[in-house]
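Descriptive analysis of the structure
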Amino acid sequence: MTRRYANIFSLPTYQIEVMIDYFIHWDKLRICCGLQMSKYWRNELLRANSNTGNLSLNNVSLCYNVVIDDVERQFMDTRLYNLISRYERMKWVNRPSLVDGPLTGKYCSGYNEEVMTNRVGFNQVKDMTSFNASSEGDFLFQFGIQ
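1. Considerations on helix 5 (residues 68-76)
- The set of residues buried in helix 5 consists of I68, D69, V71, E72, F75 and M76. Projected down its long axis, helix 5 carries its buried residues within an arc of 160 degrees, all on one side.
- Looking at the buried residues of helix 5, the elements they touch are helix 2 (13-32), helix 6 (79-85) and helix 7 (107-118).

2. Quick notes on the confidence of the model for the protein chain
- A residue-level look at the protein chain finds 76% of positions with pLDDT of 70 or above and a mean pLDDT of 81.
- Ranking the elements of the protein chain by mean pLDDT puts helix 1 (residues 2-8) last, at 79, and helix 5 first, at 97.
- In this model residues 133-146 is a low-confidence stretch, pLDDT under 50, and it forms 35 contacts with partners more than four residues away in sequence or in other chains.

3. Remarks on the side chain of N112
- Relative to the helices and strands, N112 resides in helix 7.
- What makes N112 buried here is its relative accessible area of 7%.
- Each residue touching N112, except ones within four places of it in the same chain, is listed here: C32, C33, M37, W41, L45 and I68.

4. A word on the nonpolar core
- Counting 29 residues, the largest nonpolar core has L29, W41, I68, L103, C108 and V115 as the members making the most contacts within it.
- Sorting the residues of this core by element identifies helix 2, helix 3 (39-47), helix 5, helix 6 and helix 7 as the ones contributing at least two each.
- Setting aside chain neighbours within four positions, we find V115 in contact with M37, R42, L45, L46 and V120.

Here is what the cut-offs are and how they apply
- Residues numbered from 1 in each chain as written.
- Predicted model: local features only at pLDDT ≥ 70, side-chain atom pairs only at ≥ 80, totals over all residues.
- Heavy atoms only, no water.
- Buried < 20%, exposed > 50% of the residue type's maximum accessible area, 1.4 Å probe, protein only.
- Helix = DSSP H or I, 4+ residues; strand = E, 2+ residues; numbered from the N terminus.
- Arc of directions from axis to C-beta.
- Contact = heavy atoms within 4.5 Å.
- pLDDT = per-residue confidence, 0-100.
- Core = buried A, V, L, I, M, F, W, Y, C linked by side-chain atoms within 4.5 Å.

So this is what it looks like as structure tokens:
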């Protein structure tokens, strides 16, 4: 998909590679991390604290095969992430979703733990302090998510 958009805008090869590096990591975070993670992955995390057993993975094998903190840090190390971070009004783009807090290198594992411990659902958070969700103020609460 990234290459298709790059071709539409006639981007040079080096810019395409920068975009691909960014979106490879962002895509994993979007599926395996945050308030709007894959519903299938959220269900797997919720099952981790119950006796229902491991049901169908429904395309979440990706999440089982990554160390989410490593993916988060690799994403934060990409050139495009760092370019976007320079612009205050654009920093929100560097999050798994619009309602997530800023990444810290441990945001994703912290939120995944929050899902398992407090059984939070889609777009929900119960205890932001347990995973340091927002060092930029109550970002989540601006959207009425509590």
